[in-house]
Amino acid sequence: MMVATPGAFHGRAATWTLAEMRAQDLRQVLEIERRSFDNPWSSTLFLQELRIPFSRIVVIRPAGASDEPIVGYLCRWLVADEIHVLNVAVHPEHRGRAIGAVLLGEALREAERSRADAVTLEVRRSNEAARRLYAAFHFEEVGVRRHYYGRGEDALIMRLVLPRG
Ligand SMILES: CC(C)(COP(=O)(O)OP(=O)(O)OC[C@H]1O[C@@H](n2cnc3c(N)ncnc32)[C@H](O)[C@@H]1OP(=O)(O)O)[C@@H](O)C(=O)NCCC(=O)NCCS
């Protein structure tokens, strides 16, 4: 199913299409996941997320035929007026092309559409690329979970409060 709004985006260098993740996307998503994280989500975990009513995974492809390869995805929960971003990753060969920004932008637009109050997420203190992405969207650090990812690896809790329109 295509995401109704806004569907296709004009990124810096290309136009992207967003869609709900389907079970048949799993192989491509897992490939990106494994290349992106030391402790990647398992296929079971992704399939579980696809069944949770308040969870949503959006995948992104270059615009064109629907068999274009997936270049990134974002998983979020919508719970109690908040969107919580659980996972976001872009294929290593496609980073730095604003794909992460398109994915996060869609999550923010969805938050506005569903009249959520805020978007939250956690990020490793050492993850400079992700922190720059969140800083560009004006996320603020609201807490720290010490050694969350193991010794010496803190998680920063980031939050973006959305204006009430
Ligand atoms: C974080 C991630 C999703 C960003 O995706 P992306 O498509 O490369 O991001 P964008 O191109 O939208 O770039 C966003 C910002 O991050 C910056 N950035 C991208 N790669 C960077 C890098 N390796 N080092 C520092 N900054 C970087 C860009 O400069 C950009 O800032 P700018 O617009 O001011 O130039 C991607 O790096 C990734 O998949 N990382 C591995 C998984 C991960 O860490 N996920 C986040 C978990 S919290």
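Quick caveat: nothing in here was measured; it's all calculated off a predicted structure. (Residues numbered from 1 in each chain as written. Predicted model: local features only at pLDDT ≥ 70, side-chain atom pairs only at ≥ 80, totals over all residues.)

## What to know about the environment of L162
Note the cut-off: Here a helix means four or more residues in a row that DSSP labels H or I, a strand means two or more in a row labelled E, and each is numbered from the N terminus. Two residues form a contact once the distance between their C-beta atoms, set from the backbone, is within 7 Å.
Residue position: L162 is located in the segment after β8 (155-161). Separated by 51 residues in the primary sequence, L162 and A111 place their C-alpha atoms 8.1 Å from one another. Leaving out residues up to four positions away in the same chain, L162 has contacts with A111, E112, A116, D117 and A118.

## What to know about the nonpolar core
Applied cut-off: We define a nonpolar core as a collection of buried residues of the types Ala, Val, Leu, Ile, Met, Phe, Trp, Tyr and Cys that are connected via C-beta atoms lying within 7 Å of each other. Burial in this document is a count-based property: other C-beta atoms within 10 Å of a residue's C-beta are tallied, and the residue is buried at 20 or more, exposed at 12 or fewer, or partly exposed in between, with C-beta positions derived from the backbone.
In this structure, V58, I60, Y73, L74, I99, L103 and A107 are the most contacted members of the largest nonpolar core, which totals 35 residues. For this core, the secondary-structure elements that each account for two or more residues are β2 (15-20), α1 (26-36), β3 (55-62), β4 (72-79), β5 (82-90), α3 (99-113), β6 (118-124) and β8. The element contributing the most residues to this core is α3, with six residues. Apart from the residues within four sequence positions on either side, L74 is in contact with V58, V85, N87, V88, L103, L104 and A107.

## Considering the environment of V59
Relative to the assigned elements, V59 resides in strand β3. Residues V59 and V90 lie 31 residues apart in sequence; the distance between their C-alpha atoms is 9.8 Å. Discounting chain neighbours no more than four positions away, the residues touching V59 are A19, M21, D25, V29, I70 and Y73.

Everything listed is a geometric property; what it means functionally is a separate question.
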